[in-house]
Amino acid sequence: MNHMPTLNRRAFVIGSAAVGSGLALGLDIPFGGPTVARAADGSPEVNAWVVIRPDDTVVVRIARSEMGQGTLTGLAQLVAEELECDWSKVTTEYPTPGQSVARKRAWGDFSTGGSRGIRTSTDYVRKGGATARVMLIQAAANEWKVPTSECTAANSVITHTPSGRTTTYGKVAEAAAKIEPPADVKLKDPKDWKLIGKGVKRLDTVDKTTGKMTYGVDVKLPGMLNAAIKACPVFGGKVKSFDDTRIAGMKGVKKVVKVGDNAVAVVADTWWHAKTALDALPIVWDEGDNAKVSSASIAKWLEEGFDPSQPAYIGNENGDAKKALAGAARKVEAVYNYPYQNHATMEPMNATALYTADKCEVWCGTQNGEAAFAATLEASGLTADKCDVHKQMLGGGFGRRGQTDYVRQAVAIAKQMPGTPIKLLWSREEDMLHGAY
């Protein structure tokens, strides 16, 4: 966005570590006069949730993540219902967590998981739509010099009922953006819903089926290099040593870097050149105590942790199960267990990072833009006003992209090559080996 307020002093305080979704803010944000906030194309922002273009296209801001479950369309429906706009002209965009922090978390929670994307944001995104509708009607009423009570809105058209005059959202959006938002708005009664809960064509289907959709793995930046990475195959292990002279002459190789204390990455002109060189790189690992862990030892540890003499937790009880079992003519006993499961997202973990001494930006699919933002701050060492995360469509999440390990790695690599965009892509083998189980 243009005309974003700037941070005039303190840095951003990270709470509950970078992987958490809770962010403690330490910002002083100066706000000027009635400057209209605008989208990248110059269209006026009526409020944080709604941008309206002159051709009546409505851009709904979506803070949550879309990973195949329809959240993006569902949230747009919630806003559009209260906005009373033309659904056929609705499109969406992701705000960035950096913008949200600079505006006192205008978009609320960015976290998406456990089916909470819609059900924990329903009220406040609907209020965003309703507030924008009230401001648009007020702008039209001001122009006509009539009471707002005489005006109605439907399908992106505002009508002055007594005279029959009409105008469109696109024509009054500029004026609406300058109006003070109402302190409170009334939401529709569910019985009056025309869009919420109705079956509509998903907004992302066409782009996905035509190959137009940009996922994290599709990001391309000028001068970008590619990185492949290997972390210690045992959790908790570390890099002991590696011999980068063995691959120095291989095709496309630009740099070999240590990433944290447990991984090594090769940066090259293409990802395949990076992966090929990484496979040829001799790495010695210090696998640590977890090298002794096996499925059998985990099962034994779990069995030892179960003490039948201790009372079991009972969440719900109906009848007398113990009495029924004691008097049963036949008893069947079985023990069930299952190994840890990988999230197995279709798109392997990846992130693209561009670092300079004054700015660090990340492009990635994430289930929690704020957590990815906090991880970027921590890995880059920069303050909140110098960082941002540009969320891309997710090729699967299932909770895995709520973690931020791949973001930290991308920033750590980019930090060792300032000014050069680095796209880190995990191999499928790396992705399976280092899942967050």
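Scroll up to find the structure.
Let me begin by describing the structure that accompanies this report. (Residues numbered from 1 in each chain as written. Predicted model: local features only at pLDDT ≥ 70, side-chain atom pairs only at ≥ 80, totals over all residues. Heavy atoms only, no water.)

## Points about the overall build of the protein
Tallying secondary structure elements over the protein gives 12 helices and 16 strands in all. Viewed in the frame of its principal axes, the protein has a C-alpha envelope of about 80 × 75 × 45 Å. Classification of the 437 residues of the protein by burial places 46% in the buried group. With 53 positive and 48 negative side-chain charges, the protein shows a spacing of 1 Å between the two charge centroids. (Helix = DSSP H or I, 4+ residues; strand = E, 2+ residues; numbered from the N terminus. Buried < 20%, exposed > 50% of the residue type's maximum accessible area, 1.4 Å probe, protein only. Lys, Arg positive; Asp, Glu negative; His and termini not counted. Charge placed at Lys NZ, Arg CZ, Asp CG, Glu CD.)

## Overview of the nonpolar core
By size, the foremost hydrophobic cluster in this structure holds 44 residues, and its most contacted members are Leu136 and Ile158. The element best represented in this core is helix 4 (residues 122-144), accounting for nine residues. Among residues more than four places away in sequence, those in contact with Leu136 are Val46, Ile52, Leu83, Ile158, Tyr169, Val172, Ala173 and Ala176. Core analysis: the next-biggest nonpolar cluster, separate from the first, contains 35 residues, Val257, Val267, Ala351 and Val407 among them. (Core = buried A, V, L, I, M, F, W, Y, C linked by side-chain atoms within 4.5 Å. Contact = heavy atoms within 4.5 Å.)

## Points about the state of the cysteines
For the structure on display, the rule yields zero disulfides. Here Cys85 is not disulfide-linked; the sulfur of Cys151 is the nearest cysteine sulfur, at 18 Å. Of all cysteine sulfurs, the one in Cys360 lies closest to Cys364, which takes part in no disulfide; the gap is 11 Å. (Disulfide = S-S within 2.5 Å.)

## Considering the pattern of salt bridges
Counted under the stated rule, the structure contains 23 salt bridges. Notably, a salt bridge pairs Glu45 with Arg103, separated by 2.5 Å at the nearest N-O pair. On the criterion of sequence distance, the pair formed by Glu45 in strand 1 (residues 45-47) and Arg103 in the loop between helix 2 (97-102) and helix 3 (116-119) is long-range, its members being 58 residues apart. Both residues of the pair, Glu45 and Arg103, belong to the buried class. The shortest N-O distance in the salt bridge between Asp279 and Lys230 comes to 3.8 Å. Separated by 49 residues along the polypeptide, Asp279 in helix 7 (residues 271-280) and Lys230 in strand 8 (residues 225-231) bring together distant segments of the chain. Through salt bridges with shared partners, a single ionic network connects Glu45, Arg61, Glu93 and Arg103. (Salt bridge = Lys/Arg side-chain N within 4 Å of Asp/Glu carboxyl O.)

## Some details on unusual backbone geometry
With phi around 60°, Glu84 is a residue other than glycine that occupies positive phi space. Locating Glu84 in the fold gives a position in the loop between helix 1 (71-83) and strand 4 (90-93). Here Glu84 falls in the buried class, since its relative accessible area comes to 12%. Located in the positive-phi region is Lys104, a residue other than glycine, with phi close to 55°.

## Thoughts on a nonpolar patch on the surface
Residues Phe235, Trp301, Leu302, Tyr340 and Tyr437 make up a contiguous nonpolar surface patch of roughly 610 Å² in combined accessible area. Mapping Leu302 onto the fold places it in helix 8 (residues 295-305). (Patch = residues over 30% accessible without salt bridge, like charges linked within 9 Å, V, L, I, M, F, W, Y side chains within 5 Å. Areas by Shrake-Rupley, 256 points an atom, 1.4 Å probe, with all protein chains shown as cover.)

## Describing the environment of Thr166
When you line up the elements, Thr166 lands in strand 7 (residues 165-168). C-alpha of Thr166 to C-alpha of Trp144: the two residues are 22 residues apart in sequence and 10.0 Å apart in space.

## A word on the sheet that holds strand 6 (residues 157-160)
Taken together, the three strands give an open sheet; going across it, the order is 5-6-7, and neighbouring strands pair in antiparallel fashion. One side of each edge strand has no neighbouring strand; the edge strands of this open sheet are strand 5 (151-154) and strand 7. Here the average twist between neighbouring strands, direction ignored, is 25°. Bridge analysis of strand 6 against strand 7 gives four bridges, and the strand direction is antiparallel. Of the residues in strand 7, the one forming a bridge with Thr159 is Thr166. Lying on the sheet, helix 4 is in contact with strand 5, strand 6 and strand 7; it crosses strand 6 at an angle near 45°. Sitting on the sheet, helix 5 (residues 169-176) is in contact with strand 5, strand 6 and strand 7, with an inclination near 75° to strand 7. (Pairing = 2+ DSSP bridges. Axes fitted to C-alpha atoms, helices over the stretch in contact; angles between N-to-C directions.)

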